[in-house]
Amino acid sequence: MKKTILTGGTILLIAGAAFAQEKPAESPHDMEHMNHGAGHGGFMQGGMHHAVARGVRLDAKVDAGARTVTLRVGPMNLPAHTSHMKMPQPPDLVWEVPMSGWLLAYHPKLVDAGGNAVPGTVLHHVAFWNENRADFLCPNKEEHIFGAGSEMTDWAEIPGFGYRIEKGNKIRIETMMYNPTATSYDKAYLEVVIPFQESSDAAAAPRKNVYPAWMDARSCRDSSYDLPAGKSEQTGSVTVKYDGVLLGVGGHLHDYGKQIVLQDASRKETVAALDAKADAQGHLESVPVKLFVQEGGYKFASGDILKISATYDNPTGKLLRDGAMGIAVGYFAAADEAKMTALVRNSKPPHDMAGMSHDQ
C-alpha cells in the first residue's frame, strides 16, 4: 500500500534498502566527510560517515494560491551500483517555516533536471525533523515529522487534523541516497509538496493537532543496526507519556525485512502486525498501513509500554553493516493538548553551513 492517512504518517516513514559496506577509515578532521545524522537528535544513521555531496541545495517555493510549499533537494549525481556507504550524501539542510498553521500532507517524488521521473529505488531515505520540538515518546530526539524511502509512501491528509507549525520553526532535512540499479542518474532532485493551512485563514476551521509517533525496534537509540545473516529479530520498547489515540500505523523496514509488529505490552494486545512486500530478490517494495480512524483511534494511556519487533531474513550469508531499521510510525492525537507544550525545545543544536555537527 502506498497511500496512507497521513507521516511515517500516513503513514510510513522512510523506507529504503540498505546495501551496507564496511565503514571507510577517515580522519575526524577530514572536511570531505561528515558525521551524517549525529549530534542533533536525528538518530537515523548514528555515527555513519560519508563523503559530502557538493552543490546540493534546498529550494523552498510557496504557492499562496494553491496553499502548498514545495521543498526541492538537489542536484544529486547517482552513479549505478553504488551503496549508501559509498555514495556522497547531501548535507543536512534546514527549512525555516514562513507561516503559522498546520502542515496537512506530504507528497514526495524524484525527478531529473528535465522533470522526468526517477525511480524511488535510489532514495534510501529522507527524514524531516523539527528542531524546535522534542519527540513525545523519545524526548532525547527531535520530533520527526515526515519520512520517505524507496517505496515513496504518499502521506495523505487526515480530515480535521494537521501538524502544527509556528513561523520560524526550523525543519532539518536529512537525506540519504544510494543506487543499487544498473542505471546512473545525474542531477536528480527530491521534491516534497506539502499542502498547508494558515492559522490566519478565517474561512477554514481550525485543525486538531497530531503528533508523529515514532516507535522504534531500537527503542530511543540510533535507528540503524547491523543485519546478521539468516533470520533475525530486533525488539525495542517505548513508554507512552500522554493519554490519547493512535490514528493509524505503518512501518519502515529495509531490504530483506519481513514484518513489523507493534504491541501494547501493558495490555498484552497486538496493535498491528504489518507484513512487508518485497520482490524476488528481497528488495523492499512496500509496508502496509493500518488505520484506526473509523474506530475513533487506538487508545493509548500514559504509562503504557509499547513493544516494537522487526523480523528479517538476510539471504546474503554475511553481516550487513547498518543494514536494518525497524520502525512503526503513525500519528497520535493527545487527550489534553495543554500537556503537549512540554515538547517545545528552548534551545536548538548548532549547525554550520555544511550541515555538520559542531561536536566533531
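Fair warning: this is a prediction, and the values are worked out from it, not measured in the lab.

Observations regarding the sheet that holds strand 20 (residues 257–264)
Each strand in a sheet pairs with its neighbour through backbone hydrogen bonds, running either in the same direction (parallel) or in the opposite one (antiparallel).
Piece 1. Strand order in the open sheet formed by four strands is 18-26-20-21, and the pairing between neighbours is antiparallel. Each edge of the open sheet carries a strand with a single partner, namely strand 18 (230–239) and strand 21 (269–275). Going across the sheet, the axis of each strand differs from the next one's by a mean of 15°, ignoring polarity.
Piece 2. Two strands pair when backbone bridges link them, and strand 18 and strand 26 (residues 305–314) are joined in this way by ten bridges, in the antiparallel orientation. By the bridge assignment, Thr-235 is partnered in strand 26 with Ser-309.

Topic: the confidence of the model for the protein
Piece 1. In this model, the protein carries an average pLDDT of 83, and 82% of its residues clear a pLDDT of 70 or more.
Piece 2. Within the model, the stretch residues 1–43 combines pLDDT values under 50 with 219 contacts to residues more than four positions away or in other chains.
Piece 3. Counting interchain partners and residues more than four positions distant, the pLDDT-below-50 stretch residues 350–360 has 20 contacts.

Here's the deal with the pairing of strand 21
Piece 1. Looking at chain direction, strand 20 and strand 21 are connected through six bridges and run antiparallel. Residue pairing across strands places Gln-259 opposite Asp-275, the latter belonging to strand 21.
Piece 2. Between strand 20 and strand 21, which follow one another and run antiparallel, lie four residues, and Lys-268 among them has a positive phi close to 60°.

A few points about the pattern of salt bridges
Piece 1. Counted according to the given criterion, the structure contains 16 salt bridges.
Piece 2. The salt bridge partner of Glu-191 is Arg-72, with a shortest N-O separation of 2.3 Å. Of the two residues, Glu-191 is situated in strand 14 (residues 185–198) and Arg-72 in strand 5 (residues 68–78); the sequence distance between them amounts to 119 residues.
Piece 3. Across the pair Glu-143 and Arg-133 runs a salt bridge, and its minimum N-O distance is 2.9 Å. Within this pair, whereas Glu-143 is found in strand 10 (residues 142–149), its partner Arg-133 is found in strand 9 (residues 123–134), the two being separated by ten residues in sequence.

About the cut-offs
Residues numbered from 1 in each chain as written. Predicted model: local features only at pLDDT ≥ 70, side-chain atom pairs only at ≥ 80, totals over all residues. Heavy atoms only, no water. Pairing = 2+ DSSP bridges. Helix = DSSP H or I, 4+ residues; strand = E, 2+ residues; numbered from the N terminus. Axes fitted to C-alpha atoms, helices over the stretch in contact; angles between N-to-C directions. pLDDT = per-residue confidence, 0-100. Contact = heavy atoms within 4.5 Å. Salt bridge = Lys/Arg side-chain N within 4 Å of Asp/Glu carboxyl O.

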